[in-house]
Amino acid sequence: MKTITPLLSGRWLLLVCLLLTTSCELFEYHPYDTDAFDQTGVNQSNIEEIEAQDDLSDTLRFAFMGDTQRFYDETEDFVNDLNNRDDVDFVIHGGDITDFGLSKEYKWIYDIMKNLNVPFVSLIGNHDVIGHGKNVYNEIYGDFNFTFISHRTRFICLNTNALEFNYSTPVPDFDYMLGFVNDSADIDQTIVVMHAAPYDEQFNNNAVLMFNYIVEQYKNVRFCLHAHQHKLNESDFFDNGIMYYGCDDMESRSYLLFTVTPDSYNFTVEYY
Amino acid sequence: MRKLRYILCLLLLIYGFDLQAQIAPISQSYREEKQEKIQSRWARLIPKQNKLQFAGSMGMFSGSVGWYYGKRNQWETDWYLGFIPKTQNQKGHMTTTLKQTYTPWRLTIKDGFFIEPLTTGIYINKIFGEYFWTKLPDRYPENYYFWAVDTRFNIFAGQAFTWQLNDSHRGKEFSFFYEISTNDLYLISAVGNKTITLRDIIGLSFGFRYRVF
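Residues numbered from 1 in each chain as written. Chains lettered and ligands numbered in written order. Predicted model: local features only at pLDDT ≥ 70, side-chain atom pairs only at ≥ 80, totals over all residues. Heavy atoms only, no water.

### With respect to the pattern of salt bridges
Here is step 1 of the chain: As enumerated under the stated definition, the model contains 25 salt bridges over all chains in all.
Here is step 2 of the chain: In this structure, A:Asp186 and A:Arg152 form a salt bridge, with 3.1 Å as the shortest nitrogen-oxygen distance. Of the two residues, A:Asp186 sits in the loop between α8 (174-178) and β6 (189-194) while A:Arg152 sits in the loop between β4 (146-150) and β5 (153-158), which places them 34 residues apart along the sequence.
Here is step 3 of the chain: We note a salt bridge from B:Arg209 to B:Glu173, for which the minimum N-O separation is 3.8 Å. Of this pair, B:Arg209 sits in strand β9 (residues 203-211) while B:Glu173 sits in strand β8 (residues 173-183); the two residues are 36 residues apart in sequence, bridging distant segments of the chain.
Here is step 4 of the chain: According to the relative accessible area criterion, B:Glu173 is buried, its value standing at 3%.
Here is step 5 of the chain: Ionic contacts of the salt-bridge type, sharing partners, join the residues B:Lys51, B:Glu76, B:Asp78, B:Arg106, B:Glu116, B:Glu173, B:Arg209 and B:Arg211 into one network. (Salt bridge = Lys/Arg side-chain N within 4 Å of Asp/Glu carboxyl O. Helix = DSSP H or I, 4+ residues; strand = E, 2+ residues; numbered from the N terminus. Buried < 20%, exposed > 50% of the residue type's maximum accessible area, 1.4 Å probe, protein only.)

In structure tokens, the structure reads:
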């Protein structure tokens, strides 16, 4: 057996001490742990920012994207691209923030998205539910269903990942949805946002007609938005003129840019 | 012909011991020899070491029984049970881990103190709980998710420091070890993303190893 000078052993011990004193986040109990996150209530604080914006003009402009999943570099490029423009009020992430529902993934995507110059809100996607992912979503972003108003427009963001919740939680939550039928807020129009569209395998398709029935009751529904399908999509699912627009995933390096005025709306697919 | 051979084998199995007995009548020493042989064979399965590990994506604390073997005792196999404590956001969980360690070198620093400059290997960890499945539940379409949510494959590298226990009553040796590790899903995430660095995907753990004999 070899003999090494005691000097070296001192160095080894020094290295160990150095490693042990580095930040505690290196000590992971499990990849699905609901870590203590620096940032909590992200949707709520961003909504406050959105609602505090000067929205006196009658033109609403926002970006809709989704399915960031494992496309970290592409998401970073998206943030850089969006920061280069000054005509967008806010960004909506349509869900599937993560690919595996892991805590670290939530953190990685948040660390990229937080660099947006404009506020952003994120919906929960089916991948985000896996393991303890749903608890991590609650911790970082907040409630599964949420709403905000911008430019006299009511945005209703809904959890539609029924397959994932396996009946343990009402998905879609009709009680929540019915709360906006006779909206007491001073609004002109409504936009409904979800991760999985009606008739998707994630959606509770037994409830699809009821879902549509409630959406139809909302004040001046302009259109609905969804992500999840990893391709651009345009559908009038119920032949009632309420269009559903789906965005592509981040891998495609594209997002939808919506411009909504009282008389009309249009959107473009922006590639970066 | 083949049938006959089978029958002969069977007969030999059944009457083998008796035949032997007829050749040499059962002696006390033969019986003892046989007993010793069987016992020593099973004795090899008795765990020879325990570990207590903190963190490492396999629980908060995990305790193990294990074995070391090989010409230079370079192999270790440990079976852990661990736990993740209940917190405000989640239930507590039990975990179990099977770990294989390879230690190529052991350096003597001074009498009774050794360093293992590299310990490396793999471990498979399984977490038990409501939302953790191995096989995709029936409600999903086929191949909806490709990974087993409850099972993680980890790789690690670390070092160990060993003190010989002179007092034989207390056992053979005692070690402190630390490791950095990562798992299959972190590696998949890092591949093709320059945004995700090595620093992002590694975790640190440490523990103690106690060899009884």
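### A word on the pairing of strand β4 (residues 93-102) of chain B
Residues and elements named next belong to chain B.
Here is step 1 of the chain: Bridge count for strand β3 (residues 75-84) against β4 is ten bridges, and the pairing is antiparallel. Residue pairing for β4: Ile 84 is matched across the bridge by His 93.
Here is step 2 of the chain: Relative to strand β6 (residues 113-128), β4 is paired through nine bridges, and the arrangement is antiparallel. Within the sheet, the bridge partner assigned to Leu 98 lies in β6 and is Ile 124. (Pairing = 2+ DSSP bridges.)

### Brief notes about the pairing of strand β5 (residues 107-110) of chain B
Sheet faces and side chains relate simply in a regular strand, where the side chains alternate between the two faces.
Here is step 1 of the chain: Here β5(B) runs beside β6(B); their pairing, made up of three bridges, is antiparallel. Residue B:Thr108 lies in a different strand from β6(B), and its bridge partner there is B:Phe114.

### Quick notes on the confidence of the model for chain A
Here is step 1 of the chain: Summary statistics for chain A give a mean pLDDT of 92 and a share of 92% for residues scoring 70 or more.
Here is step 2 of the chain: Contacts from residues 1-7 of chain A, a stretch scored under 50 in pLDDT, to residues over four places away or in other chains number nine contacts. (pLDDT = per-residue confidence, 0-100. Contact = heavy atoms within 4.5 Å.)

### What to know about the interface of chain B and chain A
Interfaces are often described in size by the accessible area the parts lose on coming together.
Here is step 1 of the chain: At the interface, 54 residues of chain B touch 48 residues of chain A.
Here is step 2 of the chain: Of the roughly 4,700 Å² buried between chain B and chain A on both sides combined, carbon and sulfur atoms contribute 63%.
Here is step 3 of the chain: For chain B, the biggest contributors to the area lost against chain A are B:Asn89, B:Tyr186 and B:Leu204; these three give 13% of the whole.
Here is step 4 of the chain: Our count for the contact surface shared by chain B and chain A stands at 25 residue pairs in polar contact (both at pLDDT 80 or more).
Here is step 5 of the chain: The set of elements that each furnish at least two residues to the side of chain B that touches chain A consists of β1 (49-55), β5, β6, β7 (151-164), β8, α3 (184-190), α4 (198-201) and β9 of chain B.
Here is step 6 of the chain: Residue composition of the side of chain B that touches chain A, by class: 31 nonpolar, 17 polar and six charged. (Buried area = accessible area lost by both parts, 1.4 Å probe. Polar contact = N/O pair within 3.5 Å; in protein donor to acceptor, adjacent residues only side chain to side chain. Nonpolar A, V, L, I, M, F, W, Y, C, P; charged D, E, K, R; others polar.)

### Thoughts on a positive patch on the surface
Here is step 1 of the chain: On the surface, a cluster of positive charge is contributed by B:Lys34, B:Lys37, B:Arg41 and B:Arg44.
Here is step 2 of the chain: Under the relative-accessibility criterion, B:Arg41 is labelled exposed at 51%. (Patch = residues over 30% accessible without salt bridge, like charges linked within 9 Å, V, L, I, M, F, W, Y side chains within 5 Å. Areas by Shrake-Rupley, 256 points an atom, 1.4 Å probe, with all protein chains shown as cover. Lys, Arg positive; Asp, Glu negative; His and termini not counted. Charge placed at Lys NZ, Arg CZ, Asp CG, Glu CD.)

### Overview of the packing of aromatic side chains
Residue and element names in this part refer to chain B.
Here is step 1 of the chain: Applying the stated criterion across every chain, the model contains 51 aromatic pairs over all chains.
Here is step 2 of the chain: Where Trp 75 meets Tyr 102, the ring centres are 4.8 Å apart and the plane angle is 35°; that geometry is what we call tilted. Within this pair, whereas Trp 75 is found in strand β3, its partner Tyr 102 is found in strand β4, the two being separated by 27 residues in sequence.
Here is step 3 of the chain: Sitting over the face of the ring of Phe 177, Lys 51 holds its NZ or CZ atom 5.5 Å from the ring centroid.
Here is step 4 of the chain: If you follow Lys 99 out to its NZ or CZ, it ends over the ring of Phe 156, 4.7 Å from the centre. (Phe/Tyr/Trp six-rings, centres within 6.5 Å; stacked < 30°, edge-to-face > 60°. Lys NZ or Arg CZ within 6 Å of the ring centre and 35° of its normal.)

### Structural notes on the domain arrangement of chain B
Here is step 1 of the chain: Examined at the domain level, chain B breaks down into domain 1 (2-42) and domain 2 (47-211).
Here is step 2 of the chain: A separation of 44 Å is found between the C-alpha centroids of domain 1 of chain B and domain 2 of chain B. (Domains from an automatic or database assignment.)

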